[in-house]
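# Results of the structural survey
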Amino acid sequence: MPELPEVETVRRGLEPILIGNAFARVEQRRKDLRFPLPKRFSERLEGRKIEALDRRAKYLLVRLDDGEVLVMHLGMTGSFSIDHANGVSTSPAREGRQARATAREDGAKHEHIVFHMRDGTAIRYSDARRFGLMDLVQAEKLSSHALFKGLGIEPLSSSFTPEWLAAKLKGKKTSIKAALVDQRLIAGLGNIYACEALFRAGISPKRLAGALATKSGKPTARTEALVESVKAVLKDAIKAGGSSLRDYRRADGSLGEFQHTFNVYGREGKPCAKKGCGGTVRRIVQGGRSTFFCPTCQT
């Protein structure tokens, strides 16, 4: 499932197209995605101007001029492609006439919503497994909405500090890996980037979360290293356009590139990437998810 860097990359790709534009027409080809689409979905969007495009955790927030917010989540296989008014398309390219025809057929089969914009651009949402979602929420009710009211801190915000993290981890008996991917604590940080951040910080994913804080809830050297690593790995991933492991693509149709720089994720049995370590990357299961780490240099 796309994590914070992938969603932020998509947001940045859609932003110059959406901001200041308006929905001229909305094609709704089915009544639901993961959940039923809002009543009068197309009608409520048509004619509305987009004032801002934000992100909260793994959600895209399209702020409209009537005070409503179009909330979108990509799920596991959701993606956008863009047909620009000048005829240029960002649909994934394949070689050969037959391959292109197959790509069009595959795309049309799973293309559930098309946003036709006032300037002639068409933004197409495809989702093979239909785990994505779209909703319309009044802006003033967004923070209390079921999707958002329990979300934790944004890890790239200035509020995410060693002091804040230490206070939250004080006394926690769960593993630090489980704490990092808990969306009630840190919003948008998922399995891939938790593994990579822990590696950069030199912290074992099995270490108790509470051990990263003093008894009085103050930060330790490990807490400081972890906050720095979380921010750094997320920024690096965004700069690389995210990680494309299966279905994820940027809004321009290209693949993310951060997967080529993974230090531990998906590297079970391979030598540790840290110079001079000599260890071997291991895989364990925590909370039903694979965790990758180096037991030699992560303590």
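Shown above is the structure to which this text applies.
Residue numbers restart at each chain and count upward from 1, following the sequence in its written direction. Given that the model is predicted, a residue must reach a pLDDT of at least 70 before its local features are reported, and side-chain atom pairs must reach 80 or more before they are shown or counted; all residues, however, enter totals for whole chains, interfaces and linings. Values shown for side chains rest on all heavy atoms present in the structure; no hydrogens or waters enter the calculation.

## Section: the packing of helix α1 (residues 4-18) against helix α7 (residues 221-239)
Interaxial angles span 0 to 180 degrees and are taken between N-to-C directions of axes, which are lines fitted to C-alpha atoms, for helices over the stretch in contact. Only runs of H or I of at least four residues qualify as helices and only runs of E of at least two qualify as strands under DSSP, and these elements are numbered from the N terminus. Running from amino to carboxyl end, α1 crosses α7 at an angle of 40°, the nearest separation of the two axes being 9 Å. Between α1 and α7, the crossing angle belongs to the class labelled oblique. Here α1 and α7 pass one another in a crossing that is right-handed. Between α1, through Leu4, Pro5, Glu8, Thr9 and Arg12, and α7, the contact on the second element is made entirely by Leu234, Ala237 and Ile238. Roughly parallel means an angle under 35 degrees; roughly antiparallel, over 145; roughly perpendicular, 65 to 115; everything else is oblique. Rotating anticlockwise by less than a right angle from the far helix to the near helix defines a left-handed crossing, while the corresponding clockwise rotation defines a right-handed one. Only heavy atoms matter for contacts: two residues are in contact if any of them lie within 4.5 Å across the pair.

## Here's the deal with the side chain of serine 204
Its place among the elements puts serine 204 in the loop between α6 (191-201) and α7. Accessibility here uses a 1.4 Å probe with only protein chains present; expressed as a share of the type maximum, an area under 20% marks a residue as buried, one over 50% as exposed, and anything in between as partly exposed. Residue serine 204 is classed as buried on the basis of its relative accessible area, which comes to 9%. If we ignore the near neighbours within four places in the chain, the residues touching serine 204 are Ile176, Gln298 and Thr299.

## Things to note about helix α4 (residues 162-169)
Within α4 the residues assigned to the buried category are Pro162, Leu165, Ala166 and Leu169. Buried residues along α4 cover an arc of 100° about the axis, so they all sit on one side. Check the buried side of α4 and you find it contacts α5 (176-180) and α7. Note on α4: the residue one or two positions beyond its end, glycine 171, has a positive phi of about 80°. What the arc describes is the spread of directions from the helix axis to the C-beta atoms.

## Details of the sheet that holds strand β5 (residues 78-83)
In space, the four strands of this open sheet follow the order β1-β6-β7-β5, with antiparallel pairing throughout. One side of each edge strand has no neighbouring strand; the edge strands of this open sheet are β1 (23-28) and β5. Taken pair by pair, the neighbouring strands of this sheet meet at an average axis angle of 15°, ignoring direction. Here, any two strands with at least 2 DSSP bridges between them count as paired. The pairing of β1 with strand β6 (residues 111-117) spans five bridges and is classified as antiparallel. The partner of glutamate 27 across the bridge, within β6, is valine 114. Sitting on the sheet, α1 touches β5, β6 and β7 (122-127), and the angle it makes with β5 is about 35°.

## Thoughts on the packing of aromatic side chains
Geometry of aromatic contacts follows a simple scheme: Phe, Tyr and Trp rings, the Trp one being its six-membered ring, pair when their centres are within 6.5 Å, and the pair is stacked under 30 degrees between planes, edge-to-face over 60, tilted otherwise. Applying the stated criterion across every chain yields a total of eight aromatic pairs. A ring pair is formed by phenylalanine 23 and phenylalanine 115, whose centres lie 5.3 Å apart and whose planes are at 45°; its orientation type is tilted. Note that phenylalanine 23 is positioned in strand β1 and phenylalanine 115 in strand β6, a separation of 92 residues in sequence. When sorted by exposure, phenylalanine 23 lands in the same class as phenylalanine 115, which is buried. Through a chain of ring-to-ring contacts, three or more aromatic side chains come together here, namely Tyr193, Phe258, Phe262, Tyr265 and Phe292.

## A look at the sheet that holds strand β4 (residues 68-73)
Here four strands make up an open sheet; going across it, the order is β2-β3-β4-β8 and the pairing antiparallel. Each having just a single partner strand, β2 (50-56) and β8 (133-138) make up the two edges of the open sheet. Between one strand axis and the next, the sheet turns by 20° as a mean value, whatever way the strands run. Lying on the sheet, α1 is in contact with β2 and β3 (59-64); it crosses β2 at an angle near 175°.

## Describing the environment of leucine 198
Tracing the sequence through the fold places leucine 198 in helix α6. Of the residues examined, leucine 198 reaches a relative accessible area of 1% and is grouped as buried. Each C-alpha atom of the pair leucine 198 and valine 264 lies 9.7 Å from the other, and the pair is 66 residues apart in sequence. Residues in contact with leucine 198, not counting those within four places in the same chain, are Ile176, Lys177, Leu180, Ile203, Pro205, Leu226 and Gln298.

## What about the state of the cysteines?
Two cysteine sulfur atoms make up a disulfide if the distance between them is within 2.5 Å. Using the criterion set out here, one finds zero disulfides in the structure. For cysteine 277, which is in no disulfide, the shortest distance to another cysteine sulfur is to cysteine 294 and amounts to 3.6 Å. When its relative accessible area of 18% is taken as the criterion, cysteine 277 is described as buried. The buried category is assigned to cysteine 294, whose relative accessible area is 0%.

Keep in mind these values describe shape, not function.
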